[in-house]
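Structural overview
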Amino acid sequence: MTTQSPTSTAPERLPLEIVLPVEGMTCATCVNRIERFLNRAAGVESAAVNLASEQATVTYDPKRIDRAGIVATIEAAGYDVRPQPIVAGGPATVADELDAAELARAAERRGLLRDGLVATGIGLAMMVVGLWPGGIGLSVERLNLLLLVPAAFVQLGPGRRFTTRALRGLPNGELTMDTLVALGTWAAFGYSAVIALAPGAVTAAGLPLDTFFETAAIITGFVLVGRWLEARAKGQAAGAVRSLLSLRPAAARVVRDGREHDVPVAEVRVGDLVRVRPGERIPVDGTVVEGDSAVDESMLTGEPLPVEKAAGDRVTGATLNAHGTLLVRTERIGADTTLSQIARLVEHAQGSKAPIQATVDRVVAWFVPVVAVVAALTFLAWMALGPEPRLPLALSSAIGVLIIACPCAMGLATPTALMVATGKGAEAGILVRDGAAMERAATVTDVVLDKTGTLTRGRPEVTEVVVADGAEVEAAELLRLAGAAERSSEHPLASAVVRKAGSAGLDLDRVAVTEFKAVPGGGVRALVEGHPIVVGSRRLVADLEAPARLNEAAARADAGGDTTAWVARDGELIGLLVIADRLKPGAANAVAGLRAAGISPWLLSGDQAAVAKAVAAEVGIAPDRVLAEVLPAGKAEAVASLQGSGGRVAMVGDGLNDAPALAQSDVGIAVGTGADVAIESSDLTLLGDDLRAVPAAIGLARATMRTIRQNLVWAFGYNVLLIPVAAGVLYPLTGWTLNPALAAGAMALSSVSVVTNSLRLRRFPTRLG
């Protein structure tokens, strides 16, 4: 699978990023080997290989290396890159790539299961025959010769994949999980073959004629079946993107020349009109031009309540139309759709690494060589100190050490949990940038919530027009002057004033406005019909005396948590506008959720302190946790101040004007930016605007890191405890040894248990409402 940028319409930026599906990886040592080869290649700036997703994410300079060069580097490391799917009519989409990858993985799973069952069946059959050789009328010598044939078939058939992959790494001194399995099975088979082919010499040496043919076959079968189980579990872990893309309709009803035509979605073009009937999924991203309905967007946002849509509203592909018929003008298709962008973002996150993985990588780099040394020492120790006959016990113990060691579990501990968690988050409208963001989010102690557009709806409305006593102006004229001055401002409060003037029937187009100037965090100044007009906060007009009526109205507004915009003409206050921006329905519940999780919520606003504290009181934030009258440029400084107090701070904003603060914070959370998937300054992006997703996202991060720690404890503990058991540490005390076949089963179950534990994250409650 290949990605060049989050959206195909974005300008090409250097360096580029490519994601390639890698075949043949079996353990964390494979990951380390590929990363080492890639990071040494000229033109590659960074490379991260994910065992769970079986992908390599490579950042590179296209002037120095291209896709073919990167593929060649991976192949030089001894692994293969799955070819890009060939699609008629254009480049492959995310769905095409996922379908091709899933077909390849399904074929691989079938091969693993087939070979595993064949090897296990042959091994068990040999075991049964070996228990009663007299039952088939053969001597031990003849029986061993008979068993040599099926054992060789297993070793050279189902087991050849271990040998082939082990041999690939030998020229560079690379040892992987395949090396351990190949060493163990060939040791068992080779020793047994000598007994079968030269029984006289073996007897003369004082050794029994007992063979390990069935052990080699059963080890091969158990390991292959274990990898099949592991592959199935990994497929479930990686299924979130496929689940999202499966919601896309296959066809669209396009209106052309006054007639409706059902065409494949791939044939819809930008500008086409698409009719969507009740109960159908919307096939494209676009704007409603006719009709009204409610649209269920829960598959993107996690919010259960349908959203009303009418002419002029934007709709997103794969969302579900409810009761009305909509005519939609297509604006985005293919890779540019929101769904495709989300799929790529989730894939990027699933292919990334959490910082905790670095520790695992350092351990794994030494793991296989250390195990090989331990196996060799085990063999030598039993040959020197073991009871007679020493060779069978020494060989069996060494094989057990080689087989039971499991770097796979360590390699899967972190990525499988991240894969499941990022997929689960995507289902609830929570997009995670990468594994590092997930790890940081789990440690958040303080959450700073921006007021306008985050805690509030972000669409303020003028609720009252107050004229000062003695001012020679009517309410309509006050509104006309304020609206004219605010027309050139992009601030949400300015837009509220302009909308109010328009709804009052005031014509602002004919009003002469010059020398407009926006005052950051304050308001605007302009000459309106030759008169200097100021509209803004009390701080902006602090040098002007306020009439009593305006002070009384401002006090009422402050008490109610509303904002006031003071209006001055010719250096005299002539009135004020009361502007209300109501809280989002889930704001108070979100704050309560943060407190319940032991997180301190803060409110950050450029508004007056009285207004900010009134809003804080309404949602449940303590007055001493309010940061008011903060200018846009000072928001990042406010976050830095909290960080300086020792907290791990998350900033929640709209992802646009809060970008500096989002970037400054330890975890930037952008809310309500699903239409454009704005993640440049954020670590987490919440596609909906329900703030309850904030504690849900942090809770998911904490659960993910808890699962990773559990996986690592199990993976490391498994090896620390069972490798000595396989080496025979219990034999002097109890006479117990570990059969290599049982070691193979335990090794396989170790990896499966780690993936299964990660899959429990699928049950984490992220749905809202």
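Owing to the predicted nature of the structure, the values given are computational and were not obtained by experimental measurement.

Basis of the calculations
Residues numbered from 1 in each chain as written. Predicted model: local features only at pLDDT ≥ 70, side-chain atom pairs only at ≥ 80, totals over all residues. Heavy atoms only, no water. Helix = DSSP H or I, 4+ residues; strand = E, 2+ residues; numbered from the N terminus. Buried < 20%, exposed > 50% of the residue type's maximum accessible area, 1.4 Å probe, protein only. Areas by Shrake-Rupley, 256 points an atom, 1.4 Å probe, with all protein chains shown as cover. Lys, Arg positive; Asp, Glu negative; His and termini not counted. Charge placed at Lys NZ, Arg CZ, Asp CG, Glu CD. Phe/Tyr/Trp six-rings, centres within 6.5 Å; stacked < 30°, edge-to-face > 60°. Lys NZ or Arg CZ within 6 Å of the ring centre and 35° of its normal. Contact = heavy atoms within 4.5 Å. Core = buried A, V, L, I, M, F, W, Y, C linked by side-chain atoms within 4.5 Å. Pairing = 2+ DSSP bridges. Axes fitted to C-alpha atoms, helices over the stretch in contact; angles between N-to-C directions. 1 Å grid on protein atoms, 1.4 Å probe; cavity = no way out; pocket = protein on both sides within 12 Å on 5 of 7 lines; lining within 4 Å. Points joined across faces, edges and corners; volume = space filled by probe spheres on them. Parallel < 35°, antiparallel > 145°, perpendicular 65-115°, else oblique. Nonpolar A, V, L, I, M, F, W, Y, C, P; charged D, E, K, R; others polar. pLDDT = per-residue confidence, 0-100. Salt bridge = Lys/Arg side-chain N within 4 Å of Asp/Glu carboxyl O.

What follows concerns the overall build of the protein. Of regular secondary structure, the protein possesses 26 helices and 26 strands. Judged by the C-alpha coordinates and their principal axes, the protein covers about 125 × 65 × 50 Å. Here the protein, with 769 residues, has 55% of them falling under the buried criterion. As displayed, the protein offers around 31900 Å² of accessible surface, 57% of which is attributable to carbon and sulfur atoms. Distance between charge centroids for the protein: 6 Å, based on 70 positive and 79 negative side chains.

Under the definition given, this model contains five aromatic pairs. Their ring planes at 40° and their centres at 6.1 Å tell us that Trp714 and Tyr718 sit as a pair that is tilted. Of this pair, Trp714 and Tyr718 both sit in helix H24 (residues 693-727), four residues apart, which is roughly one turn of the helix. The class for Tyr718 is buried, based on a relative accessible area of 5%. Its end group placed over the ring of Phe37, Arg40 keeps NZ or CZ at 5.1 Å from the ring centre. Stacked on the ring of Trp566, the Lys or Arg Arg538 has its end atom at 4.9 Å from the ring centre.

What follows concerns the environment of Ala409. By the secondary structure assignment, Ala409 is in helix H14 (residues 407-427). For the pair formed by Ala409 and Trp714, sequence separation is 305 residues and the distance between their alpha carbons is 8.4 Å. Residue contacts for Ala409: discarding those within four places in its chain leaves Ala715, Ser750, Ser751 and Val754.

Of all hydrophobic cores here, the largest spans 143 residues; its most connected members are Ile74 and Val447. Tallying contributions element by element places H24 first for this core, with 16 residues. Counting 41 residues, the second largest nonpolar core, distinct from the first, contains Ala501, Val511, Val535 and Ala553.

Turning to the sheet that holds strand E1 (residues 16-23), a few remarks are in order. Ordered by their spatial adjacency, four strands build an open sheet running E2-E3-E1-E4, and the pairing between neighbours is antiparallel. The sheet is open, and its two borders are formed by strand E2 (44-50) and strand E4 (80-81), each paired with just one other strand. Two strands pair when backbone bridges link them, and E2 and strand E3 (residues 55-60) are joined in this way by six bridges, in the antiparallel orientation. Bridged to Ser46 within E3 is Thr59. In the packing of helix H2 (residues 67-76) onto the sheet, contacts are made with E1, E3 and E4, and the angle to E1 comes to roughly 35°.

In this section: empty space enclosed by the protein. On inspection of all chains with the given rule, the structure shows seven cavities of 30 Å³ or more. If you add up the space inside the largest cavity, you get close to 250 Å³. Together, 17 residues line the largest cavity, and Glu54, Glu108, Arg227, Ala231 and Lys234 are the ones closest to its centre. Per-element accounting of the lining of the largest cavity gives the leading share, five residues, to helix H8 (residues 213-237).

We now examine the packing of H24 against helix H26 (residues 740-759). H26 packs onto H24 with a crossing angle of 170° between their chain directions and a minimal axis gap of 9 Å. In terms of their interaxial angle, H24 and H26 are classed as roughly antiparallel. Contact residues: H24 offers Thr707, Gln710, Asn711, Trp714 and Tyr718, while H26 offers Ala743, Ala746, Met747, Ser750, Ser753, Val754, Asn757 and Ser758. Class assignment for the residues of the contact of H24 with H26 results in six nonpolar, seven polar and no charged.

The next point concerns the pairing of E1. Of all eight residues making up E1, six are buried, and the element is well covered by its neighbours. Looking at chain direction, E1 and E3 are connected through six bridges and run antiparallel. Within E3, the residue paired with Leu16 across the bridge is Tyr60. For E1 and E4, the ladder comprises two bridges, and the chain directions are antiparallel. Residue pairing for E4: Glu23 is matched across the bridge by Asp80.

Let us now look at the confidence of the model for the protein. Summary statistics for the protein give a mean pLDDT of 84 and a share of 91% for residues scoring 70 or more. Segment residues 1-12 is flagged for pLDDT under 50; beyond a separation of four residues in sequence, or across chains, it makes 31 contacts in the model. Under a pLDDT of 50 for its full length, residues 674-678 has, in the predicted model, 15 contacts with residues more than four places off or in other chains.

This next bit is on the environment of Ala311. If you trace the backbone, Ala311 turns up in the loop between strand E10 (307-309) and strand E11 (314-315). The exposure class of Ala311 is exposed, given its relative accessible area of 51%. Considered as a pair, Ala311 and Leu327 are 16 residues apart in the sequence and their alpha carbons are 8.7 Å apart. Other than its neighbours up to four places away in sequence, Ala311 contacts Val288, Val289 and Gly291.

Turning to unusual backbone geometry, a few remarks are in order. Cis geometry is found at the peptide bond from Glu388 to Pro389, where omega equals -10°. Within the secondary structure, Pro389 is located in the loop between helix H12 (356-385) and helix H13 (390-404).

Another aspect to go through is the pairing of strand E8 (residues 285-290). Judged from the five bridges that link them, E8 and strand E13 (residues 326-332) form a sheet pairing that is antiparallel. If you follow Gly286 over to E13, its bridge partner there is Thr330. In this sheet, E11 lies alongside E8 in antiparallel orientation, the contact comprising two bridges. Paired with Thr287 across the bridge in E11 is Arg314.

Turning our eyes to something else, we now look at the side chain of Lys309. Along the polypeptide, Lys309 turns up in strand E10. Owing to a relative accessible area of 10%, Lys309 belongs among the buried residues under this scheme. Not counting residues within four places of it along the chain, the set of residues in contact with Lys309 comprises Gly291, Asp292, Ser293, Val295, Glu297, Arg314, Val315 and Leu326.

Counting through the fold element by element, Ile533 comes out in strand E19 (residues 531-536). For the pair Ile533 and Arg569, spaced 36 residues apart in sequence, the C-alpha to C-alpha distance is 4.8 Å. Leave out the neighbours within four places in its chain, and Ile533 touches Leu481, Ala485, Val524, Arg525, Ala526, Val528, Ala568 and Arg569.

The next thing to look at is the sheet that holds E19. Strand order in the open sheet formed by six strands is E16-E21-E20-E19-E18-E17, with antiparallel pairing between adjacent strands. Edge positions in the sheet fall to strand E16 (461-467) and strand E17 (513-519), since each has one partner strand and no second. Averaged over all adjacent pairs, the angle separating strand axes in this sheet is 20°, with direction ignored. In this sheet, strand E18 (residues 523-528) lies alongside E17 in antiparallel orientation, the contact comprising five bridges. If you follow Lys517 over to E18, its bridge partner there is Arg525. Running over the sheet, helix H17 (residues 475-486) touches E16, E17, E18, E19, strand E20 (563-569) and strand E21 (572-580) and is turned about 80° from E21. Each of E16, E20 and E21 touches helix H18 (residues 492-503); the most contacted strand, E16, lies at about 75° to it.

All chains considered together, the criterion is met by 27 salt bridges. Arg253 is the partner of Glu260 in a salt bridge, and the nearest nitrogen-oxygen pair spans 3.9 Å. On the basis of relative accessibility, which here comes to 15%, the residue Arg253 falls in the buried class. A salt bridge links Glu529 to Arg480; its shortest N-O distance comes to 3.0 Å. On the criterion of sequence distance, the pair formed by Glu529 in the loop between E18 and E19 and Arg480 in helix H17 is long-range, its members being 49 residues apart. We classify Arg480 as buried; its relative accessible area is 16%. Each of the salt bridges in this network shares a partner with another, and the network as a whole consists of Arg253, Glu260, Asp262, Arg275, Arg277 and Glu280.

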